[in-house]
Amino acid sequence: MNEYSVVMVFVSSILTLQLKYKIMYEALEHWKQYKQEKALQAKIAEEFKLKETIKLAKKKEWDKEMDKFMNKLAKKNGTTNY
C-alpha cells in the first residue's frame, strides 16, 4: 500500500466513525423528544382524568341537590297517584 491508500483508508475510517456518531446522536435526540412527548401526554391524560372526576363529582352533587328539591316539592305539594 502506498501513502495515498493509507491516508484514504484512515479518512474513510474517520468518516465512517463520524457518520456512526451522528446517527447515534440523532437517535438519542429522537429518544429524548419521544420521552418528553410521552411525559406530556401522560400529564395531559392525568389532568383530563382529574377534570372528568371533578365534572362527575359536580354532577353527583347536582343530582343530590335536585333530589332534595324534588323531595321538598313533593312534601309541599303532595304526590299524584295514577
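See the structure printed just above.
Residue numbers here run from 1 along each chain, matching the order of that chain's written sequence. In keeping with the model being predicted, local features are shown solely for residues with a pLDDT of at least 70 and side-chain atom pairs are shown and tallied solely at 80 or more, while totals for entire chains, interfaces and linings include all residues. By convention in this description, side-chain values take in all heavy atoms of the structure and omit both hydrogens and water.

1. Notes on the overall build of the protein
- Labels follow the DSSP assignment, with helices taken as runs of H or I lasting at least four residues and strands as runs of E lasting at least two, numbered in each case from the N terminus. Counting its secondary structure elements, the protein contains one helix and zero strands.
- Both definitions apply: the radius of gyration is a C-alpha atom measure, and the globule rule equals 2.2 Å times residues to the power 0.38. Against the globule reference of 12 Å for 82 residues, the protein gives a C-alpha radius of gyration of 35 Å, more extended than a compact globule.
- On the principal axes, the C-alpha backbone points of the protein span a range of 110 × 20 × 5 Å.
- Summary of the burial criterion: residues with accessible area below 20% of their type's maximum are buried, those above 50% are exposed, and those between are partly exposed, where the area comes from a 1.4 Å probe applied to protein chains only. The burial tally for the protein puts 0% of its 82 residues in the buried class.
- Looking at the protein, you have 17 positive and 11 negative side-chain charges, and the mean spots of the two groups are 9 Å apart. The convention is simple: Lys and Arg are positive, Asp and Glu are negative, and His and the chain ends are not counted. One atom stands in for each charge, and that atom is NZ of Lys, CZ of Arg, CG of Asp or CD of Glu.

2. What about a nonpolar patch on the surface?
- Nonpolar side chains collect at one region of the surface, where Val7, Phe10, Val11, Ile14 and Leu15 lie side by side and expose about 440 Å² of accessible area between them.
- Tracing the sequence through the fold places Val7 in helix H1 (residues 3-77). Excluding any residue in a salt bridge, patches collect residues exceeding 30% relative accessible area, merging like charges within 9 Å and nonpolar Val, Leu, Ile, Met, Phe, Trp and Tyr side chains within 5 Å. Areas reported here follow the Shrake-Rupley algorithm with a probe of radius 1.4 Å; residue values treat only the protein chains shown as occluding. Whenever a carboxyl oxygen of Asp or Glu lies within 4 Å of a side-chain nitrogen of Lys or Arg, that contact is scored as a salt bridge.

3. Observations regarding the pattern of salt bridges
- Under the defined criterion, the tally for this structure stands at four salt bridges.
- A salt bridge links Glu65 to Lys68; the nearest nitrogen and oxygen atoms lie 3.9 Å apart. A residue pair is termed a helical-turn pair when its members lie 3 or 4 positions apart in one helix, as Glu65 and Lys68 do in helix H1 at three residues.
- Take Glu65: its relative accessible area is 40%, and that puts it in the partly exposed class.
- The exposure class of Lys68 is exposed, given its relative accessible area of 54%.

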